[in-house]
Amino acid sequence: MTGPRPYFFCGIGGSGMSPLAAIVRARGARVAGSDRSRDQGRTPEKFAALEARGFTLFPQDGSGLTSADQILVVSAAVEDTVPDVVAARRAGASIVTRPELLSELFNAAGLRVGVAGTSGKSTTTGMIGLILHRAGLDPTVMNGAEMKDFAGPDGAAPSAVVGAGEAFVSEVDESDGSIRLYAPSVAVVNNMSLDHKPMDELRPLFLGFVARAERAVLNLDNDETAALAREAGERAFTYSLRDPAADLRAEAPRFRPDGVDFAVTLAARAGRPAATASVSLAVPGLHNVSNALAALAAALACGVPLGEAAAALGGFSGIRRRLDVVGTAGGVTVIDDFAHNPDKIAATLQTLHAFPGRLLVMFQPHGYGPLRLMGDDLAAGFAAGLAADDVLVMPEPVYFGGTVDRSVGSRAVAERIAAAGRRAEALADRAACGARLTALARPGDRIVVMGARDDTLSVFARGLLERLG
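Residues numbered from 1 in each chain as written. Predicted model: local features only at pLDDT ≥ 70, side-chain atom pairs only at ≥ 80, totals over all residues. Heavy atoms only, no water.

Caption draft 1: Region of the structure containing the environment of Gly117. Mapped onto the elements, Gly117 comes out in the loop between strand 6 (111-116) and helix 6 (121-134). Given the relative accessible area of 0%, Gly117 is considered buried. Along the chain, Gly117 and Val189 lie 72 residues apart, while their C-alpha atoms are 4.9 Å from each other. Those residues in contact with Gly117 that sit more than four places away from it in its chain are Glu174, Val189, Asn190, Asn191 and Phe206. (Helix = DSSP H or I, 4+ residues; strand = E, 2+ residues; numbered from the N terminus. Buried < 20%, exposed > 50% of the residue type's maximum accessible area, 1.4 Å probe, protein only. Contact = heavy atoms within 4.5 Å.)

Pasting the structure below:
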């Protein structure tokens, strides 16, 4: 970012936009923005909080863009007909995409940790950010989700932290191809699997990301990232839950409903002695052990000793909407979760099924495009992960307007799951799903609200808890 020019964020309430806007503002620029969700009256408390933090908000009608001095920040997929884009062009303002701006800030940092992969990015980014913060590196952290450990006095958890140190830790997105813009000192790739793009498109993107890095933290438990480790050669720093060839391994995990304890071993290599440490995580599930290994490996690559990094992880309190317990009423626990692709859904179901209680799941697909791409895998994943007495209900995918093929909806997926012998229903809308869940619920059940790209899912989850009370 250069100069004092004012920035205007189109879609400022988005999970990727609001933290970037916070970083830009903290570095001295004036920041305004608009959001279609605000115009529609969705999540008003979120936009009130943005205004309270000093952001000027406009309707998304172009009225906030009047000067050639302004810089309009848009998502990579924004349409040219959006009024803010039309107004910016009319005024002669510059237009940059969110990933272009973020990568510019990231690439200018002295120590750049980029976190990529299909699943676990936000949690791993938050873990690394906390470790580097506790180690005194005062990092800037850009996350796609809210980090509980950096909550302010009002309890609000930010998606971005602005530090004065040289370290910049950022979640990096492959879904729009913008991963190719980043040049990390340390590249972290947790895993690779089907999500937004076919695998033959994903592989070269991740390979290039790793090739540009000075060090690459890679997971040997995933076939695709293990292949990347072979390509990276001596630059690879590997981790695993089970492979003895990995640099960093987790051993003897002991699971709790609210967390997991495990030992971590750093293998001896030329010029590096072996080391061990104990980790006590306050977030549950084997997938979070893997995320913790990735964070520890990244911290080691940044010069933080293993024991210090492991101790810092003991204070990690989690990421909002990642197996987030909303509360319990009438003996029924409501959980809010971001799971939206087959791997994330499998991890959530596996973690919850490690402890007693029927699961009543509402899954809202995060778009019609992803549903067409992943429908078969989603159906297979739910069929494998749901228990015989669990119940899944599905509304139609999230849709906020625009031109998209809506020919494939939730019913096709629900029918495939039901055909495989599990209880799955496609209902008219989210209200019908809520009514069905609360009617089914009995003491000991856990209601799980799953989905991405829709902030009102958390509001919906809180509403279910109130109805149960």
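Caption draft 2: The arrangement of helix 14 (residues 430-440) in detail. What helix 14 keeps buried is the set Arg430, Cys433, Gly434, Leu437 and Leu440. End-on view of helix 14: buried residues confined to an arc of 140°, all on one side of the axis. In this structure, helix 14 carries Ala431 and Ala439 as exposed residues pointing more than 90 degrees from its buried face. Residues of helix 14 that are buried make contact with strand 18 (359-364), strand 19 (391-394), strand 20 (423-426), strand 21 (446-451) and helix 15 (456-468). (Arc of directions from axis to C-beta.)

Caption draft 3: Up close: the side chain of Ser119. Mapping Ser119 onto the fold places it in the loop between strand 6 and helix 6. For Ser119, a relative accessible area of 10% corresponds to the buried category. Setting aside residues up to four positions removed in sequence, Ser119 forms contacts with Asn190, Asn191, Asn341, Asp343 and Lys344.

Caption draft 4: Region of the structure containing the packing of helix 6 against helix 10 (residues 306-313). Packing of helix 6 against helix 10 leaves a shortest axis separation of 9 Å and a crossing angle of 120°. Crossing angle aside, the handedness with which helix 6 passes helix 10 is right-handed. On helix 10, the residues touching Met127, Leu130, Ile131 and Arg134 of helix 6 are Glu308, Ala309, Ala312 and Leu313. Of the residues belonging to the contact of helix 6 with helix 10, the class tally is six nonpolar, no polar and two charged. (Axes fitted to C-alpha atoms, helices over the stretch in contact; angles between N-to-C directions. Left-handed = near helix turned anticlockwise from the far one by under 90°. Nonpolar A, V, L, I, M, F, W, Y, C, P; charged D, E, K, R; others polar.)

Caption draft 5: Here's a closer look at the environment of Asn190. One can find Asn190 in the loop between strand 10 (186-189) and helix 7 (199-211). Each C-alpha atom, one on Asn190 and one on Ala282, is 20 Å from the other, the two residues being 92 residues apart in sequence. Excluding residues that lie within four positions of it along the chain, Asn190 makes contacts with Ala116, Gly117, Ser119, Gly120, Lys121, Thr124, Asn219, Thr225, Tyr239, Asn291 and Ala294.

Caption draft 6: The environment of Val332, seen in detail. Here Val332 is to be found in strand 17 (residues 332-337). Setting aside its immediate chain neighbours within four residues, Val332 contacts Gly327, Ala441, Arg442, Pro443, Asp445, Ile447 and Leu468.

Caption draft 7: A look at the layout of surface pockets. Taken as a whole, the second largest pocket encloses approximately 340 Å³ of empty space. Surrounding the second largest pocket, 19 residues form its lining, Pro257, Asp258, Pro284, Leu323 and Val325 being those nearest its centre. Mapped by element, the contributors of at least two residues to the lining of the second largest pocket are strand 16 (324-329), strand 17 and helix 11 (342-353). Across the lining of the second largest pocket, the residue classes break down as 10 nonpolar, four polar and five charged. (1 Å grid on protein atoms, 1.4 Å probe; cavity = no way out; pocket = protein on both sides within 12 Å on 5 of 7 lines; lining within 4 Å. Points joined across faces, edges and corners; volume = space filled by probe spheres on them.)

Caption draft 8: Spatial organisation of the nonpolar core. Within the largest apolar cluster, 49 residues are counted, with the highest numbers of intra-cluster contacts made by Leu248 and Leu296. Excluding anything up to four places from it in sequence, Leu248 contacts Phe237, Thr238, Tyr239, Ser240, Val264, Thr265, Leu266, Leu293, Leu296, Ala297, Leu300 and Leu306. Val24, Leu105, Leu202 and Ala213 belong to the second largest nonpolar core, which has 48 residues in total. (Core = buried A, V, L, I, M, F, W, Y, C linked by side-chain atoms within 4.5 Å.)

Caption draft 9: Representation of the sheet that holds strand 18 within the structure. In spatial order, the strands read 16-17-21-18-19-20; together these six strands make up an open sheet with mixed pairing. Looking at which strands have only one partner, the edges of the open sheet turn out to be strand 16 and strand 20. Adjacent strand axes in the sheet meet at a mean angle of 15°, parallel and antiparallel pairs treated alike. As defined by bridge partners, strand 16 adjoins strand 17 across five bridges and the pair is classed as antiparallel. Residue Gly327 lies in a different strand from strand 17, and its bridge partner there is Val334. Against the sheet, helix 13 (residues 410-419) engages strand 19 and strand 20, with an angle of about 165° to strand 20. Lying over the sheet, helix 14 contacts strand 18, strand 19, strand 20 and strand 21, oriented at roughly 175° with respect to strand 18. (Pairing = 2+ DSSP bridges.)

Caption draft 10: Structural context of the pairing of strand 11 (residues 215-219). Strand 11 sits mainly inside the fold: four of its five residues count as buried. For the segment spanning strand 11, helix 8 (residues 223-232) and strand 12 (residues 236-240), crossover handedness is right-handed. (Right-handed = clockwise from strand over helix to strand, strands pointing away.)

These figures capture arrangement, not role.
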